[in-house]
Amino acid sequence: MTALSASSARRRLFTPVHAGAVVIALLTALPLYWLAASSFKPDAELGSTPPALWPSHPTLDHYRDAFGQYEFARYLANSLLVASLTTLGVLALGLFSGYALARLPMRGKRPILIALLMISVFPTVSVITPLYLIERQIGWLNSYQGLIVPYIAFHLPFAVWILRNYLLRIPFEMEESARIDGAGPTRTVLQIILPQAGPGLFTSGVFTFTAAYTEFLMALTFNSEDAFRTVPVGVALFGAEFEVPYGTIFAGSIAALLPIVVLVLIFRRAVVSGLTSGAVKG
Amino acid sequence: MSFSEIRLSSSGFELGDVGTRNYEALLASTAWRDALTFTVSYTVLSVLIELVLGVLVALVLERLTKARGWMMALLLIPWSMITVVSAQLWSYLYNSAYGALSWLVGLVTDEPPIILGTPVSAFSAILVADVWKTTPFVAIIVLAGLVTIDRSVYEAAEMDGAGAWTTFWRITLPLLRSTLAIAVLFRVLQAFGVFDLPFVLTGGGPGTSTQPLAMLGWKVMFQNLNMGAGAAVAASTALIVFVVCLLCLKAFRSQVAEEDAK
């Protein structure tokens, strides 16, 4: 018995697990480090071989170029605006549909739920032609609503799925007493459910924001004009349209990644629970 | 729409009926078959690799105590990253003149390779970039499944003298089946619609060797302005995805039923 516990204690000190963790951390972090470091390297160092491991003459030139010479500030503002309004719309609609699916008696809930999950990951390209033609017809190409409305439609399903799973956990009694007091479903949602739905709203909110902020295909197709470009479109077309040095692209990228990384890290519990809500609860 | 010839005019568009001609052209075109081949092999390989690595990462994370929170935070960064940004980063790393990765490979092979210049290496380059970004997603889902497994099952296995290897194959993996099924379903759907990564990293090249269905459809629609034919490509993609979905669901459901019956 003592030999056994001694060997297990030694196993805890000798740590293949920790070695694995270090390898994983390095492989994940190195490309991120390279992105950040490169945004501060002067052009000569960006093009040097062997590559410079860190910026020996750090410079803010690339940031100045991205925001001065090129329109990066505008892309960033467009992305923030589109993603925020999409998130608001999705949460408002998602709260009511999630509530309906969680509580109200309804036929065919299971198929609806499965369909929701599928729609949320269906390839965008399969609907882009009709959407493009409709937007062209009604003059929504190169406009904010031209992105926000389809984004809401596309990102709503996953938000509904997450919200429903949260709403199921809210105890029934308060709603019942509200109903006895004569409140209809709409008032019940606004006065009873909304104050308790915080975690669910955060989770689906972070997901929606991230998805809308990083979406590329629709943004590229519908809003190709410089004034309405979002960050992904700007970053993708940067190199294609002008001979833009990688440094400038990276500087702009770092600035664009900051809001989303901060958001995800602050709400990382919410994100992890959202990622796993589909997997575990099923 | 995929059954039509779509004529764009300044005020809108007209649909002309062409029957199944768009689909006949589709099945006959080598571009479509090449794109299908690329998309299928990319989907199968990337999902397989990410599944294996994701399970490994999750197993490591499960055994970490203090550092787990930090590791999760780190893993969430690639997941939340704008794909286009990571594609630009990898294209810099792969650059044949001054990319860090091609320099590293060059140390072994004497001459820095042109990574994005041959079909096989360009394909691998896309795979590596995707694995880096998406393995964390699989790992986090698998980890959530791992922590729900009852400790006592492992203790019983140890009592019976099962080694770590046997325990993993006989106990952990079977108990993770439904979690893995969901992860695979999500990943297959996403991988099948891949667009951003090859669009920025390779532009579908060299030639059209790394052109996925989504990019073929998009190019036909918005660069050649052949909306009907493009819609046919898109619809074929959607149809395949839909069938795969149904198959996954069926497999998933029959397996759940099987477990319930036990």
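- By the naming in an unreviewed UniProt entry, chain B is ABC transmembrane type-1 domain-containing protein, taken from Streptomyces lomondensis.
- Quoted verbatim from the Sequence similarities (unreviewed entry) field of UniProt, the annotation for chain B is "Belongs to the binding-protein-dependent transport system permease family."
- According to the UniProt record, the Subcellular location (unreviewed entry) comment for chain B reads "Cell membrane".

- If you look chain A up in an unreviewed UniProt entry, it shows as ABC transporter permease from Streptomyces lomondensis.
- Heading Sequence similarities (unreviewed entry) of the UniProt record for chain A holds this comment: "Belongs to the binding-protein-dependent transport system permease family."
- Taken directly from UniProt, the Subcellular location (unreviewed entry) text for chain A runs: "Cell membrane".

1. Some details on the overall build of chain B
Turning to step 1, where the next piece is worked out: For chain B, the count of helices and strands is 12 helices and 2 strands.
Turning to step 2, where the next piece is worked out: Starting at the N terminus and ending at the C terminus, chain B contains elements arranged as β-β-α-α-α-α-α-α-α-α-α-α-α-α.
Turning to step 3, where the next piece is worked out: In chain B, buried positions account for 42% of the 262 residues.
Turning to step 4, where the next piece is worked out: Pairs at least 24 apart in sequence give 65% of the contacts found in chain B among residues at least 6 apart.

2. Side note on the environment of B:Phe242
Turning to step 1, where the next piece is worked out: With respect to the helices and strands, B:Phe242 occurs in helix H12 (residues 227–261).
Turning to step 2, where the next piece is worked out: Residues B:Phe242 and B:Leu189, 53 residues apart in the sequence, show an inter-C-alpha distance of 9.0 Å.

3. Describing the UniProt feature "transmembrane region" (unreviewed entry) in chain B
Residues and elements named next belong to chain B.
Turning to step 1, where the next piece is worked out: According to UniProt, the "transmembrane region" (unreviewed entry) feature falls on residues 40–61, 73–94 and 225–249.
Turning to step 2, where the next piece is worked out: The span residues 40–61 shows a helical share of 100% and a strand share of 0%, and its end C-alpha atoms are spaced 31 Å apart.
Turning to step 3, where the next piece is worked out: In residues 73–94, the share of helix is 91% and the share of strand is 0%. The end C-alpha atoms are 27 Å apart.

4. Thoughts on helix H14 (residues 246–266) of chain A
A turn of α-helix holds 3.6 residues, and therefore any two residues three or four places apart point the same way.
Turning to step 1, where the next piece is worked out: Taking 1.5 Å of rise per residue, the 21 residues of H14(A) would be expected to cover 30 Å, and the 29 Å separating its terminal C-alpha atoms lies within 8% of that figure.
Turning to step 2, where the next piece is worked out: The largest bend along H14(A) reaches roughly 35° and is located at A:Leu257, with the proline A:Pro259 sitting one to four residues downstream.

5. With respect to the domain arrangement of chain A
Residue and element names in this part refer to chain A.
Turning to step 1, where the next piece is worked out: For chain A, the domain assignment lists domain 1 (17–59) and domain 2 (62–281).
Turning to step 2, where the next piece is worked out: Placing the centre of domain 1 and that of domain 2 at their C-alpha centroids yields a distance of 31 Å.
Turning to step 3, where the next piece is worked out: Across the boundary between the two partners, domain 1 contributes 7 residues, which contact 8 residues of domain 2.
Turning to step 4, where the next piece is worked out: Counting only elements with at least two residues in the side of domain 1 that touches domain 2, the list comes to helix H2 (16–38) and helix H3 (43–46).
Turning to step 5, where the next piece is worked out: The residue inventory of the side of domain 1 that touches domain 2, partitioned by class, reads 3 nonpolar, 2 polar and 2 charged.

6. Focus: the interface of chain A and chain B
Turning to step 1, where the next piece is worked out: The interface of chain A with chain B comprises 57 residues on the first partner and 63 residues on the second.
Turning to step 2, where the next piece is worked out: Counting residues per element, the ones that place at least two in the side of chain A that touches chain B are H2, helix H7 (128–137), helix H11 (198–214), helix H12 (217–222), helix H13 (231–241), H14 and helix H15 (268–281) of chain A.
Turning to step 3, where the next piece is worked out: Partitioning the side of chain A that touches chain B into residue classes produces 38 nonpolar, 18 polar and 1 charged.

7. Section: unusual backbone geometry
Turning to step 1, where the next piece is worked out: Phi at A:Asn142 is positive, roughly 55°, even though this residue is not glycine.
Turning to step 2, where the next piece is worked out: By the element assignment, A:Asn142 lies in the loop between H7 and helix H8 (145–167).
Turning to step 3, where the next piece is worked out: Phi angles above zero are rare outside glycine, and B:Leu225 is one such case at about 55°.

Rules used in this analysis
Residues numbered from 1 in each chain as written. Chains lettered and ligands numbered in written order. Predicted model: local features only at pLDDT ≥ 70, side-chain atom pairs only at ≥ 80, totals over all residues. UniProt positions renumbered as here; feature names shortened; annotations may be inferred. Helix = DSSP H or I, 4+ residues; strand = E, 2+ residues; numbered from the N terminus. Buried ≥ 20, exposed ≤ 12 C-beta atoms within 10 Å, placed from the backbone. Contact = placed C-beta atoms within 7 Å. Expected span 1.5 Å × (residues − 1). Bend = angle between axes of the 7 residues up to and from the residue. Domains from an automatic or database assignment. Nonpolar A, V, L, I, M, F, W, Y, C, P; charged D, E, K, R; others polar.

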